[in-house]
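Structural overview for review
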Amino acid sequence: MIRSRLFSTKGITVRNIVRAILGAAAVLCGINVTPAFAADESIQISVDAAKPGARIDRHIFGQFAEHLGRGVYEGVWVGPDSKIPNTRGIRNDVVAALKAIKVPNVRWPGGCFADEYHWRNGIGPRDKRPATLNPNWGGVIEPNTFGTHEFFDFIDQIGAEAYLSINVGSGTAAEAADWLEYLTTPQPTALQKQRAANGHPEPFRVPILGIGNENWGCGGSMTPEYYVDQLKVYARYSRNYNPDQKMRRIAVGPDTADTSYTEAVMAAWKNKTWAWDIEGLSLHYYTVVKWPPAYKSFGFGEKEYAELIQSTRRMYDLLKTHGDIMDKYDPEKKVALSVDEWGVWLAKIPDTPEGFLEQQNSQRDAVIASLNINAFARHADRVKIANIAQMVNVLQAMIFTREEKLVLTPTYHVFRMYVPFQDATFLPVSFDAGKYVHGSIELPRVDAIAAKATDGKVWVALTNLDANRPVTLNVAVPGGAKVNRARGEILSAPKVDSVNSFEAPEVVKPRALNARVSGGKITVTLAPASVAVIGLE
Ligand code: AHR
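Reading the values: the criteria
In this numbering scheme, every chain counts its residues from 1 along its sequence in written order. Given that this is a predicted model, residues contribute local features only at a pLDDT of at least 70 and side-chain atom pairs are listed and counted only at 80 or more, while totals for whole chains, interfaces and linings are drawn from all residues. Processing note: side-chain calculations cover all non-hydrogen atoms of the structure and skip hydrogens and water entirely. By the criteria applied, helices consist of DSSP H or I runs no shorter than four residues and strands consist of E runs no shorter than two, each listed in order from the N terminus. To get the radius of gyration, use the C-alpha atoms; to get the globule rule, take the number of residues to the power 0.38 and multiply by 2.2 Å. In this scheme, a residue with accessible area under 20% of its type's maximum is buried, one over 50% is exposed, and one in between is partly exposed, where area comes from a 1.4 Å probe on protein chains only. Only heavy atoms enter the contact rule, under which two residues are in contact if any of them lie within 4.5 Å. The protein chains shown are the only cover counted for residues, whose accessible areas, like all others here, come from Shrake-Rupley with a 1.4 Å probe. Note on charges: Lys and Arg go in the positive column, Asp and Glu in the negative column, and His and the chain ends are not counted at all. All charge positions are set by atom: Lys at NZ, Arg at CZ, Asp at CG, Glu at CD. The term nonpolar core refers to a set of buried residues drawn from Ala, Val, Leu, Ile, Met, Phe, Trp, Tyr and Cys, joined through side-chain atoms within 4.5 Å. Throughout, the term near means that a residue has one or more heavy atoms lying within 4 Å of the molecule or strand in question. Here a polar contact means two N or O atoms within 3.5 Å. Within protein one must be a hydrogen donor candidate and the other an acceptor candidate, and residues neighboring in sequence count only if both atoms are side-chain atoms. Cavities and pockets were defined on a 1 Å grid built from protein atoms only: a cavity is a group of points that admits a 1.4 Å probe but offers it no way out, a pocket is an open group of points flanked by protein on both sides within 12 Å along at least five of seven lines, and a lining residue is one with an atom within 4 Å of any such point. Grid points define the cavity or pocket, and a molecule sits in it when more than half of its atoms lie within 2 Å of them. The classification used treats Ala, Val, Leu, Ile, Met, Phe, Trp, Tyr, Cys and Pro as nonpolar, Asp, Glu, Lys and Arg as charged, and all other residues, Gly among them, as polar.

This part is about the overall build of the chain. Regarding its fold elements, the chain presents eleven helices and 27 strands. Relative to its length of 537 residues, the chain is compact, with a C-alpha radius of gyration of 24 Å against a globular reference of 24 Å. In terms of overall dimensions, the chain has a C-alpha envelope of 85 × 50 × 45 Å along the principal axes. Expressed as a percentage of the 537 residues in the chain, the buried residues total 59%. Of all intrachain contacts in the chain linking residues separated by at least 6 positions in sequence, the fraction that spans at least 24 positions is 77%. Only carbon and sulfur atoms are counted for the fraction: they give 55% of the accessible area of the chain, which is about 21,100 Å². Between the centroid of the 60 positive side chains of the chain and the centroid of its 57 negative side chains there is a distance of 6 Å.

So this is what it looks like as structure tokens:
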């Protein structure tokens, strides 16, 4: 069990001392030591500042907020009469926490919920809005008190942009067209006047629009061909009337490795007429070992750690598989890949309601978050949007709320540490990652990315995947500006299944990291299963 593998942040543990003694004895006896148990030698990382790559679009740090469980109601919306401090019904503590991670966009209102959402239920005086049902998620009442205006107020408060998903599954093209006119027209149409009467005369900004959600599944089980026909209609009539801002339309794309939607949508796009267009294709991939998700979110061992890390690394295969198909039809990379649902999906916390998808969030999930962000950054030329599922209280959440209390998760801390990578320019790194072996699972021991931030400063993000061994990394930037100082933060934890809870909210939290700098090279030791982000000065 991981539980018994205590380690200090300096890597000096009883286990490592024993290993070192055994390793030395083995060498004296002429025994070969396998890489997994070899003495810890340092890994050299070289950042190529002379070969800048693509811009890492800040929108890869997007969030997903579906009407699901306590994600929106309680998690964001408590209503203006709540005793929980709020601004126009939106929790102040959640807003403050999300502002700190500079959320670029929020995908809303779903998910599967979006394909049963009728926007007119969510406008006008709140006490007159109809109560409807949420059959996808627990069959609970949807009060519709959080609707269009509340959503835009919320994203304004956190400084994010809108990623709206329109209802292709059970709605009509006319309903979607009306929503877009209601949202975006500056002209005095009947819908604009209704919007003004509801408190917002100025157009809302809708920079990203999802045309449906998982229409191969909960969004109507459509064949790729049928969906493509729908796409052409919706892409034509869901117009953005806001002349001040472009809107990217994102088509539904693949479920994990199934390439049928990727092929069909991209082939249709290549042969498109003047009458329709898209700017993106969505990919959904959840980190699970098998469906339905049964792995625990706390109280697990190294086996579950290694298996889920292996599962999350499948993101690379998917980005390649779907990226190659997109390249075939779109070598100029005009159509973005939008990984608008990703994250680890685990067993629900016992005693939480069915369909609410409540899970804890551990140090393992922080490592998983870093590995996925690194994958998106490495494909920054194609991946322009990504949304972790989901923002508050649901799946791999940033934040947990319980009445007036709030807890920041290990995943939240990774998103905060990675802020300098938003809109930074990718810099290639080379290193021999070494190996982390658990049973039959073999993984790279470390991962690393680098980027030049908008202010010119070089940042590196370093992940130690190994659940047991600390690792020493030597980072060099040959040809780059001289490095005098390297400062950042490290997120490590007593165990890979360490979590933050309402009772103990700061078990996992970043601490300052001053890396050693000598001869322009930085040297840093990472605790097992940890993530560090360091700025070079
Ligand atoms: O994030 C939870 C659900 O997962 C979404 O509603 C759906 O799109 C996906 O299957």
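Following the structure, the description resumes.
The next thing to look at is the nonpolar core. If you look at the biggest cluster of nonpolar residues, it comprises 123 residues, and the most contacted ones within it are Val106, Phe154, Trp342, Tyr418 and Phe421. The greatest single-element share of this core, amounting to nine residues, is contributed by helix H10 (residues 363-378). Setting aside residues up to four positions removed in sequence, Trp342 forms contacts with Tyr285, Tyr286, Met315, Ala369, Asn372, Ile373, Phe376, Ala386, Asn387, Ile388, Ala389 and Phe415. If you look at the next biggest cluster of nonpolar residues, it comprises 27 residues, including Ile43, Ile45, Leu473 and Val475.

Moving on to the site of the ligand. Surveying the vicinity of the ligand reveals the residues Phe64, Glu66, Gly111, Cys112, Trp137, Asn213, Glu214, Tyr286, Glu341, Trp345, Gln390 and Leu395. For the ligand, an oxygen atom lies 3.0 Å from a polar atom in the side chain of Asn213. Judged by the fraction of its atoms near the pocket grid, the ligand is located in the second largest pocket. Its residues placed into classes, the shell around the ligand shows six nonpolar, three polar and three charged.

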